[in-house]
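Secondary and tertiary structure notes
Here are the chains, one letter per residue:
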Amino acid sequence: MRVGHVMDGNLLLEKPGAVKPFHAVLRDPSFSPMGVILLSASFPFIPVHSLVLFYRVIRAADITLHLYLIPNNHGLEKAVDKDEKRRGHSFLVDKPPHTSRPLKFNTWYHVSSSSKAEINPQELKFVYLTSDSRQLYTEIYTKDLQEGMQLTLTKSSQKGKMEHSPLWATFLRARDIESPAALSTSLCTGLLIHDGEWVWPGGPCLSPSKVERGFPCSLPHS
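Right, let's walk through the structure included here. All values derive from a computational prediction rather than experimental measurement.

This part takes up the sheet that holds strand S9 (residues 118–120). Pairing in this open sheet of 5 strands is antiparallel, and the strands run S7-S5-S6-S11-S9 from one edge to the other. Of all the strands in the sheet, just strand S7 (91–92) and S9 have a single pairing partner and so form its edges. Across 2 bridges, the pairing between strand S5 (residues 50–57) and S7 is antiparallel. Following the sheet pairing, Tyr55 is matched in S7 by Leu92. Against the sheet, helix H2 (residues 74–88) touches S5 and strand S6 (63–71), its axis set at about 10 degrees to S5.

Okay, here's the thing in structure tokens:
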């Protein structure tokens, strides 16, 4: 096995220090890790470890979500997060992001839901865009999440057709998309410390263990 990278327009091959089941190890690489992604984009037959990022858009109607499908690259993650927060005051929904297997560039993937959510577009092309470019995403809209929402990502074998084996799936509940700010203000209002006990003003004393289980938030410092 050799690891290829481009230098001055030429393809160079380097011998890895170790080969693992899912990756190769280079002891002292002479190129940036970003070059590996660029090389993979040039050779779409090479599978790439990928992430599904999920954002709730605050400045949008009802419940609006943005779903991104990007290579597993920290620089791209940061770029998406910065752009979402700047444009829509969005926040990342905490769901497992990794796809079940590596994906191939320039391949179409289908986003579907068992609910009546509006998904546009339903077909999302997996491409590599530089971190200074706006990344592609799918918009998902629904009026509420009272019954939750199942979301699935599958490969499209042809335009309009899809494979049955899911590459990523999650179940979204109403609690999952509550903003961190809303959660922090709705919990622990009026909680005080009195003689070493946690109490509600005018209410019974609660032991610290009960409060930790029932009210998981940080208290202001005195």
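Moving on, we come to H2. An α-helical turn contains 3.6 residues, so a residue and the one three or four places further along point in the same direction. Taking 1.5 Å as the rise per residue, H2 with 15 residues should run 21 Å; its terminal C-alpha atoms sit 21 Å apart, in good agreement. Among the residues of H2, those classed as buried are Leu76, Ala79, Val80, Asp81, Asp83, Glu84 and Gly88. On its buried face, H2 is in contact with S5 and S6. Capping of H2 at its N-terminal end is provided by Asn73; its side-chain oxygen lies 3.0 Å from the backbone amide nitrogen of Gly75. Positioned one or two residues after H2, His89 has a phi angle of 50 degrees, which is positive.

The next thing to look at is the pattern of salt bridges. Scanning all chains against the criterion turns up 8 salt bridges. When the shortest N-O distance is used, the salt bridge between Asp81 and Lys85 registers 3.0 Å. In this pair, Asp81 and Lys85 both sit in helix H2, 4 residues apart, roughly one turn of the helix. For Lys85, a relative accessible area of 45% gives the class partly exposed. Its salt-bridge partner being Asp176, residue Lys95 comes within 2.9 Å of it at the nearest N-O pair. Linking Lys95 in the loop between S7 and strand S8 (107–113) with Asp176 in the loop between strand S13 (166–172) and helix H3 (180–186), this pair joins segments that are 81 residues apart in sequence.

What counts, and where the lines are drawn
- Residues numbered from 1 in each chain as written.
- Predicted model: local features only at pLDDT ≥ 70, side-chain atom pairs only at ≥ 80, totals over all residues.
- Heavy atoms only, no water.
- Pairing = 2+ DSSP bridges.
- Helix = DSSP H or I, 4+ residues; strand = E, 2+ residues; numbered from the N terminus.
- Contact = heavy atoms within 4.5 Å.
- Axes fitted to C-alpha atoms, helices over the stretch in contact; angles between N-to-C directions.
- Expected span 1.5 Å × (residues − 1).
- Buried < 20%, exposed > 50% of the residue type's maximum accessible area, 1.4 Å probe, protein only.
- Polar contact = N/O pair within 3.5 Å; in protein donor to acceptor, adjacent residues only side chain to side chain.
- Salt bridge = Lys/Arg side-chain N within 4 Å of Asp/Glu carboxyl O.

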